[in-house]
Amino acid sequence: IEKIYPQIKDIRTNMIVNVSGSAIEDYVQTAEKINELDAIPAIELNISCPNVKQGGMAFGVTASGASEVVKAVREVYKKTLIVKLSPNVTDITEIARAVEGAGADAVYIGAVQFGARQAAGNSVEDIKRLVEYAHLFGAKVYVTLNTIIYDEEVTAVEQLVAELYDAGVDALIVQDMGIAKMNIP
């Protein structure tokens, strides 16, 4: 915080900080510090990180583990709380319901393809059910399309974006800004 925040606090865009940890206390302590920073309006609570030796992804694979982390963070973090869900679960809607019930403002997941995690496998129908549930409680659903899109994939990406739009997703998290030039809703 002491090194990076002074460099980014005056940039005129919203910054969302990724928060991960090995224990619930790690998440809580980090979120509490970020809560005090005026120029950071939201955090991405990463309960699906396979790159953390302990904790990380372990919290995101059960509804009870996921909700426990979110509830603890929500107690100290008063701004927008976005929870990154793990693709390594049997029923992602169960996990999403748990974190939304614990105080998440939004969740984000990968779709069946074009995500950095090829194993996400969340069908548009699953995402639609999740959106319907989330919107009952005022929560949002974001879907990642965070791979580089090749020319031969453009038609499939356009179709997927249209289906996600029809399913009611609130936003896409993209890597390839070429998506903005595609024929999409």
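Structure's up top.
How each quantity is defined
Each chain has its residues counted from 1, running along the sequence as written. Selection of residues for local features in this predicted model requires a pLDDT of at least 70, selection of side-chain atom pairs for listing and counting requires 80 or more, and totals for whole chains, interfaces and linings are taken over all residues. Only heavy atoms go into the side-chain values, all of them from the structure, while hydrogens and water stay out. Only runs of H or I of at least four residues qualify as helices and only runs of E of at least two qualify as strands under DSSP, and these elements are numbered from the N terminus. One less than the residue count of a helix, multiplied by 1.5 Å, gives the span that helix is expected to have. Residues count as neighbours in contact if any of their non-hydrogen atoms are within 4.5 Å of one another. At least two DSSP bridges between two strands are required for those strands to pair. Think of each axis as a best-fit line through the C-alpha atoms, taken over the contacting stretch in the case of a helix, with angles from 0 to 180 degrees between the N-to-C directions. Note on aromatic pairs: the rings of Phe, Tyr and Trp (six-membered ring only in Trp) are paired at centre separations within 6.5 Å, and the planes decide the class, stacked below 30 degrees, edge-to-face beyond 60, tilted for the rest. Any residue under 20% of the maximum accessible area for its type is buried, any over 50% is exposed, and the rest in between are partly exposed; the area is computed with a 1.4 Å probe on protein chains only. Consider the ring centre and the ring normal. A charge sits over the ring if Lys NZ or Arg CZ is within 6 Å of that centre and within 35 degrees of that normal. Within this scheme, the nonpolar core is defined by two criteria: the residues are buried Ala, Val, Leu, Ile, Met, Phe, Trp, Tyr or Cys, and they are joined through side-chain atoms within 4.5 Å.

Let us now look at the environment of Ser67. For Ser67, the location among the structural elements is in helix α3 (residues 63-76). When the C-alpha atoms of Ser67 and Val169 are compared, they prove to be 22 Å apart, with 102 residues separating the residues in sequence.

We now examine α3. The end-to-end C-alpha distance of α3, which contains 14 residues, comes to 21 Å, matching closely the 20 Å that a straight helix rising 1.5 Å per residue would cover. If you follow the buried residues of α3, they end up packed against α2 (24-35), β2 (42-46), β3 (80-84) and α4 (92-101).

Okay, the sheet that holds β3 next. The sheet built from six strands is open, its strands ordered β1-β2-β3-β4-β5-β6 with parallel pairing. On the outer flanks of this sheet lie β1 (16-19) and β6 (171-174), each paired with one strand and no other. Going across the sheet, the axis of each strand differs from the next one's by a mean of 25 degrees, ignoring polarity. One ladder, built from four bridges, connects strand β5 (residues 140-145) with β6; its direction is parallel. In the sheet register, Leu145 faces β6, and the bridge partner there is Val174.

By the definition in use, this model includes two aromatic pairs. An angle of 85 degrees between the planes, with centres 5.6 Å apart, marks the rings of Tyr27 and Phe59 as edge-to-face. Here Phe59 lies in the loop between β2 and α3 and Tyr27 lies in helix α2, a separation of 32 residues in the sequence. Each member of the pair, Tyr27 as well as Phe59, is classed as buried. Centre to centre, the rings of Tyr133 and Phe137 are 5.0 Å apart; their planes meet at 50 degrees, and the pair counts as tilted. Assessed through its relative accessible area of 26%, Tyr133 is described here as partly exposed. The class for Phe137 is exposed, based on a relative accessible area of 57%. We note Arg97 situated over the ring of Tyr133; from NZ or CZ to the ring centre the distance is 5.3 Å.

Once that is clear, we can look at the nonpolar core. With 54 residues, the main nonpolar core has Leu45, Ile47, Val73, Val83, Leu85 and Val99 as its most contacted residues. Per element, the largest residue contribution to this core is seven residues, and it comes from α3. The contacts of Leu85, once residues within four sequence positions are left out, are Ile47, Ser48, Ile92, Ile95, Ala96, Val99, Val107, Tyr108 and Ile109. Within the second largest apolar cluster, five residues are counted, among which are Ala42, Ile82, Tyr108 and Tyr142.

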